[in-house]
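For reference, the chains in residue letters:
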Number of protein chains: 2
Amino acid sequence: MPSFSTSPVPQPLYLQIADAVAKLIADGVLRPGEKTPSLRAVCDQHGVSMSTAVQAFVELETRGLVEPRHKSGFFVKQPAKARLDLPGPPRFPMAGSLGNMHASLFDAVFSGNVIALGGAVPSADILPTVKLNRMLAEKARHAGERGVMYDLPPGSDALRRQISKRMMKGGAVVAPSEIITTCGATEALMLCLRAVTQPGDVVAVESPTYFGILHVLETLGLRVLEIPTDPVSGMKIDALEKVLKKQRVNACLVLPAFSNPLGASMPDEAKQKLVMLLKAHEIPLIEDDVFGELHFGPKRGKTCKSFDDSGLVLFCSSFSKTLAPGYRVGWAIPGRFYHAARMAKLTHTLATPTLPELAIAGFLAEAGYDHWLRSVRKIYKDNVTRMRKAILEHFPAGTTVTSPQGGFLLWVTMPPKVNALELYERALAKGISIAPGHLFSLEQRYTNCLRISCGERWSPRLDAAIRTLGRLAGR
Amino acid sequence: MPSFSTSPVPQPLYLQIADAVAKLIADGVLRPGEKTPSLRAVCDQHGVSMSTAVQAFVELETRGLVEPRHKSGFFVKQPAKARLDLPGPPRFPMAGSLGNMHASLFDAVFSGNVIALGGAVPSADILPTVKLNRMLAEKARHAGERGVMYDLPPGSDALRRQISKRMMKGGAVVAPSEIITTCGATEALMLCLRAVTQPGDVVAVESPTYFGILHVLETLGLRVLEIPTDPVSGMKIDALEKVLKKQRVNACLVLPAFSNPLGASMPDEAKQKLVMLLKAHEIPLIEDDVFGELHFGPKRGKTCKSFDDSGLVLFCSSFSKTLAPGYRVGWAIPGRFYHAARMAKLTHTLATPTLPELAIAGFLAEAGYDHWLRSVRKIYKDNVTRMRKAILEHFPAGTTVTSPQGGFLLWVTMPPKVNALELYERALAKGISIAPGHLFSLEQRYTNCLRISCGERWSPRLDAAIRTLGRLAGR
């Protein structure tokens with residue numbers, strides 16, 4: 001970070017200014033054809049005389065970086081060779097802490113140059129992009145002053161009313177006043193965890209579980225307790241029960257509906273049993289339901305929240321899997337921890353962005369969300385079925401794949417000798433991103449496993465990618 | 001949180017369903033004139049027979065809550081007396097922890113029924129509401145798939161380029177690749193603090209300082225060290241220097257430009273001295289510049305970041321004071337802590353909302369931001385001058401008021417016998433919110449002080465409010 005005033009080797013002022021402008025050009029802040037700051041502005045900003053400013057621009061002209069235009073000032077010249085793109089963020093190695101691996105995976109998934117099987121993100125062409133953006137445009141045009149002002153926690157009334165109606169579909173009667181809107185489910189989880197835990201506390205999670213959750217727990221200084229989890233029916237409640245007899249657990253965080261990464265669905269009776277078990281121990285249950293609406297069967301299962309008669313269930317979800325990840329709209333229903341979660345929001349982001357909230361509320365109220373969900377569930381079901389078939393066909397003998405009843409994630413278990421981290425690197429070299437099993441546990445349990453996203457419509461391109469992955473895994 | 005399946009006193013199923021629907025009506029989820037869920041939907045959701053569902057609706061009709069319409073199902077009836085509003089969030093008492101007081105103040109400020117002198121928020125009629133919302137609408141219409149997708153950290157290229165140009169005005173040459181966009185300055189501060197501290201660390205701050213900062217520090221388990229601060233020239237660097245000789249400080253968090261609440265402006269030489277002092281001790285400096293663009297004089301001061309040649313300065317700001325608090329767009333320039341801050345963002349909110357980012361970038365690039373800033377600075381200067389005069393006129397003899405050279409906050413010191421918390425309660429009863437001095441220190445230092453916001457255009461209404469406050473303070 002250079003600075004004008006503290007350069008270790010003092011240079012003439014005009015050279016310091018020329019270097020600063022040259023850096024702006026090199027960094028792409030000033031682009032070819034753009035006007036540079038005026039001589040007057042340079043004088044003011046750096047407290048130098050007009051002659052020093054002129055000297056700096058003569059220097060820049062000499063270096064071939066700017067050109068004067070008659071009566072208009074200086075402009076950035078087109079470089080002789082094509083301008084390089086902005087330098088991207090530095091690559092994180094896929095190694096070290098979970099946070100590092102999380103960042104590394106996201107760099108790979110979202111670099112735009114890969115077949116992105118490593119994220120748990122719907123592809124944009126599946127989402128109701130046009131309708132949603134149009135709704136946001138309409139809300140922005142008509143919101144007036146309200147659109148630019150804070151929508152402080154608990155957030156938009158209109159949205160909370162719509163969420164309250166949707167919660168009914170999972171069997172939970174929740175008043176709008178019990179809901180807090182959030183910047184996505186990530187913030188909802190963070191607020192709920194902050195409401196019920198202190199650093200050093202123990203949180204029971206499914207194993208394997210979503211690396212984003214493990215990263216959040218690490219960030220908050222919480223200890224992770226991995227509970228065995230069935231790929232069909234979710235967290236093993238008898239295993240949890242045994243653990244609770246032996247040690248203190250301060251909270252339990254579960255994805256009962258189409259879990260990440262297993263795609264497991266906990267049966268309603270098991271959910272009720274889980275809620276009752278934790279109630280008996282006075283342990284808060286954080287329920288992450290981001291995939292809950294994406295069931296392949298005709299009916300939505302009940303939520304754990306629907307069995308909650310003591311306020312110990314903290315429900316978290318978002319519209320990132322069903323409508324628009326980039327709008328950053330989610331919610332928390334923190335039960336008896338409402339007060340603490342709402343306070344936590346004040347230090348976290350202060351408020352959820354107003355207009356995206358209103359757009360989502362409008363979409364739910366007027367744009368046929370249920371109709372749209374019915375069609376998108378079919379697409380995901382089709383994606384999952386075809387992807388599963390292709391994996392079983394092309395991966396080495398002995399490979400097994402989960403068979404989820406909702407969501408869009410597959411968990412692939414390869415023969416024990418295959419190292420998923422090596423496969424990750426080799427696949428990335430071929431332009432394919434996957435999520436290696438290493439990320440889903442702190443205990444190196446899933447080194448021969450992968451999570452594959454089916455968030456993109458099936459195509460020959462995906463078929464070819466799975467063939468390539470299968471070949472690489474078979475080496 | 002009632003539930004169908006675990007009611008302590010088992011009721012007939014039809015009564016449970018009727019109660020649940022009645023609650024939805026009472027909570028305002030289902031509003032007068034709206035269609036209720038259909039009989040078929042009720043059967044599906046609760047797993048009951050059609051006759052049970054019918055019985056539930058007969059019960060609701062008997063209670064006068066719904067009415068059948070021919071061939072259209074049941075509708076919520078208009079209540080005999082006017083419908084009550086949605087219950088608001090519970091009021092927090094202005095007492096107890098700082099978080100509690102923070103929440104209580106915000107409840108008061110943003111209830112919509114008060115003259116809001118207690119927030120540090122520009123009033124919407126001062127902001128370029130129409131132009132901004134139009135820009136957002138335009139971006140939403142043209143963004144296509146990009147608009148609904150994640151814009152993962154570091155965030156929008158277009159916005160980071162614009163921010164890089166603006167940083168030049170404060171004398172700092174910062175490449176777009178050094179910037180991370182955030183959900184407002186609150187998130188930026190949180191990410192920077194998480195990047196440079198561990199729970200239990202000591203952070204030096206101005207005294208008095210913004211309660212939002214004290215709340216964030218409390219949340220992160222950090223210890224606060226309050227450094228004496230001059231109302232004109234900001235944190236006393238010699239006082240800080242003495243402290244650093246005696247005890248370990250892990251980070252320093254300062255608002256050098258028009259601080260909150262004092263409105264102090266640190267002279268450029270003092271900024272440089274502060275940066276050098278902290279560099280000598282290898283202590284990260286977090287610079288909060290949210291008011292930096294709102295100078296009353298002709299020139300913007302330099303930022304501490306402009307004196308940073310070691311990457312130890314972490315710069316935070318937002319567009320919440322100048323454009324749109326509700327868009328939630330801010331940024332961090334974490335210097336050598338870039339990697340850690342970017343990782344922290346992944347667990348915090350994952351990404352900044354895409355379209356608000358693009359709208360702000362578009363406003364900066366095309367909508368005459370500088371021109372607009374020039375006009376808004378005049379408004380704030382006028383507001384501050386008039387408010388200051390009115391306070392000196394109407395408050396008890398012995399009252400002093402700061403005379404800031406930018407921003408829109410005034411710090412009022414009343415005679416020692418006046419208790420600001422009592423005044424807060426009495427003022428609120430008269431429909432006026434203020435920020436009592438108790439909030440700006442953990443050490444009960446400012447119990448006879450107030451922060452008054454001048455974010456609203458001067459008017460007879462404000463004049464009357466100040467008269468009332470003065471009278472209440474004089475009792």
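These numbers come from a predicted model, not from an experiment.

A look at the confidence of the model for chain A
Residue and element names in this part refer to chain A. The predicted model of chain A averages 91 in pLDDT, with 95% of residues at 70 or higher. Predicted confidence for residues 1–8 stays below pLDDT 50, and this span has 25 contacts to residues more than four positions away or in other chains. In the predicted structure, residues 80–90 sits below a pLDDT of 50 and forms 15 contacts with residues beyond four places in sequence or in another chain.

Thoughts on the pairing of strand β10 (residues 313–318) of chain A
Residues and elements named next belong to chain A. Among the six residues that make up β10, six are buried, leaving the element largely enclosed by the rest of the structure. Here β10 shows two buried faces, one formed by V313, F315 and S317 and the other by L314, C316 and S318. Relative to β10, strand β9 (residues 285–288) is paired through four bridges, and the arrangement is parallel. Directly across from D288, in β10, lies its bridge partner C316. Pairing geometry for β10 and strand β11 (residues 330–333), over four bridges, is antiparallel. Paired with S318 across the two strands is G330, which belongs to β11.

Some words on the interface of chain B and chain A
Contacts between the two partners involve 104 residues from chain B and, on the opposite side, 104 residues from chain A. When chain B packs against chain A, close to 9200 Å² is buried across both sides, 66% of that on carbon and sulfur atoms. Counting across the interface, chain B meets chain A through six salt bridges. Measuring nitrogen to oxygen at the nearest pair gives 3.1 Å for the salt bridge that ties E34 of chain B to K165 of chain A. Linking chain B with chain A are 23 residue pairs in polar contact (both at pLDDT 80 or more), by the criterion used here.

Re the domain arrangement of chain A
Residues and elements named next belong to chain A. According to the domain assignment, chain A consists of domain 1 (13–76), domain 2 (99–126 + 371–474) and domain 3 (129–370). Once you take the C-alpha centre of each, domain 2 and domain 3 turn out to be 24 Å apart. With 34 residues of domain 2 in contact, the opposing surface of domain 3 contributes 35 residues. For the pair domain 2 and domain 3, the summed buried area comes to about 2900 Å², and 62% of that belongs to carbon and sulfur atoms. Of the charged contacts, one joins E226 and R445 as a salt bridge, the two residues approaching to 2.6 Å between their closest N and O atoms. Of all the elements in the fold, those that place two or more residues in the side of domain 2 that touches domain 3 are α4 (98–109), α14 (369–394) and β13 (409–413). If you tally residues by element for the side of domain 2 that touches domain 3, the top one is α14, at nine residues. Of the residues contributing to the side of domain 2 that touches domain 3, the split by class is 20 nonpolar, eight polar and six charged.

How each quantity is defined
- Residues numbered from 1 in each chain as written.
- Chains lettered and ligands numbered in written order.
- Predicted model: local features only at pLDDT ≥ 70, side-chain atom pairs only at ≥ 80, totals over all residues.
- Heavy atoms only, no water.
- pLDDT = per-residue confidence, 0-100.
- Contact = heavy atoms within 4.5 Å.
- Buried < 20%, exposed > 50% of the residue type's maximum accessible area, 1.4 Å probe, protein only.
- Helix = DSSP H or I, 4+ residues; strand = E, 2+ residues; numbered from the N terminus.
- Pairing = 2+ DSSP bridges.
- Buried area = accessible area lost by both parts, 1.4 Å probe.
- Salt bridge = Lys/Arg side-chain N within 4 Å of Asp/Glu carboxyl O.
- Polar contact = N/O pair within 3.5 Å; in protein donor to acceptor, adjacent residues only side chain to side chain.
- Domains from an automatic or database assignment.
- Nonpolar A, V, L, I, M, F, W, Y, C, P; charged D, E, K, R; others polar.

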